[in-house]
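# Breakdown of the fold
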Amino acid sequence: MSPSVILASASRSRQRLLADAGVEVVAEPAPVDETEVKEALRAEGANALQVAESLAELKARHVSRRHPAALVIGADQMLVCEKVWFDKPGDMTQAADHLRQLAGKRHELLTAVSVMRGGEVLWHHNDMARLTMRPFNDVFIKDYLAAVGDLALQSVGAYQLEGRGAQLFQKVEGDFFTILGLPLLPLLDFLRNHEVVPR
């Protein structure tokens, strides 16, 4: 039996959010070169939100072609600080550098989600959160990265707000689920209307 809902992502955080909310979902990452797409869109003059929208739709479209009867969820998130786009750090040295750049500053998380069936967009939603990191020094960064380990490499900004990453912040403005990478409440409303979750 084919799955009725597929998450076009390898993100454990997004998988967990949906599963914890009672959505039966299968994860199938989309073969999208995000770096290449970002560079191409930046060259065309796209802003960060347009990039997030495009990547969310592209991921969903790839998987939807293979599973035309399923509802396929694609999502993407961009972190922007002082007009600089941040990606997931590739190693701990890069994670430390990202934290140094973000310390004491406000950044934006732009999150986009797109749902497709049969290659057609049925629904999409964008949201933004603003987060302000407190000032901290290299000693704190070293201790923080030692404590969280490879988790720092799994998310843009090198933090998970729901864990020890909360210690990095002095102010958070926006929806908690959006910060975690998926605007869950409006997505659940859409899924309710499609009888995927109970009314």
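Attention in this report is confined to the structure presented alongside it. (Residues numbered from 1 in each chain as written. Predicted model: local features only at pLDDT ≥ 70, side-chain atom pairs only at ≥ 80, totals over all residues. Heavy atoms only, no water.)

### Observations regarding unusual backbone geometry
To keep it simple, the criterion reads: Each helix is a run of H or I in the DSSP string that is no shorter than four residues. Each strand is a run of E no shorter than two, and both are numbered from the N terminus.
Residues other than glycine seldom take positive phi values, yet K83 does so here, at roughly 70°. Take K83: it is sitting in the loop between β3 (71–81) and β4 (84–86). A positive phi angle is found at E195, which is not glycine, with a value near 60°. Within the element layout of this structure, E195 appears in the segment after α7 (184–193).

### Let's talk about the nonpolar core
What counts is decided by this rule: In these notes, a set of buried Ala, Val, Leu, Ile, Met, Phe, Trp, Tyr and Cys residues joined through side-chain atoms within 4.5 Å is what counts as a nonpolar core. A simple rule labels every residue: compare its accessible area, found with a 1.4 Å probe on the protein chains alone, to the largest value its type can have, and call it buried under 20%, exposed over 50%, or partly exposed in between. Note on contacts: a residue pair is in contact if any heavy atoms of the two residues lie within 4.5 Å.
L99, L145, Y159 and L168 are the most contacted members of the largest nonpolar core, which totals 26 residues. Broken down by element, this core gets its largest block of residues, 5 residues, from helix α5 (residues 138–148). Setting aside anything within four residues of it in sequence, one finds L145 in contact with M92, A95, A96, L99 and A152. Grouped together as the second largest cluster of nonpolar side chains are 22 residues, A56, A60, M78 and M116 included.

### Observations regarding the pattern of salt bridges
A side chain of one charge can pair with a side chain of the opposite charge when the charged atoms of the two come close. Threshold: A pairing counts as a salt bridge when a side-chain nitrogen of Lys or Arg comes within 4 Å of a carboxyl oxygen of Asp or Glu.
The tally for this structure, following the rule as stated, stands at 10 salt bridges. Among the ionic pairs, K59 bridges to D76, the shortest N-O distance being 2.9 Å. Note that K59 is positioned in helix α3 (residues 48–66) and D76 in strand β3, a separation of 17 residues in sequence. The same class applies to K59 as to D76, namely buried. Two residues, E82 and K105, come together in a salt bridge whose shortest N-O distance is 3.4 Å.

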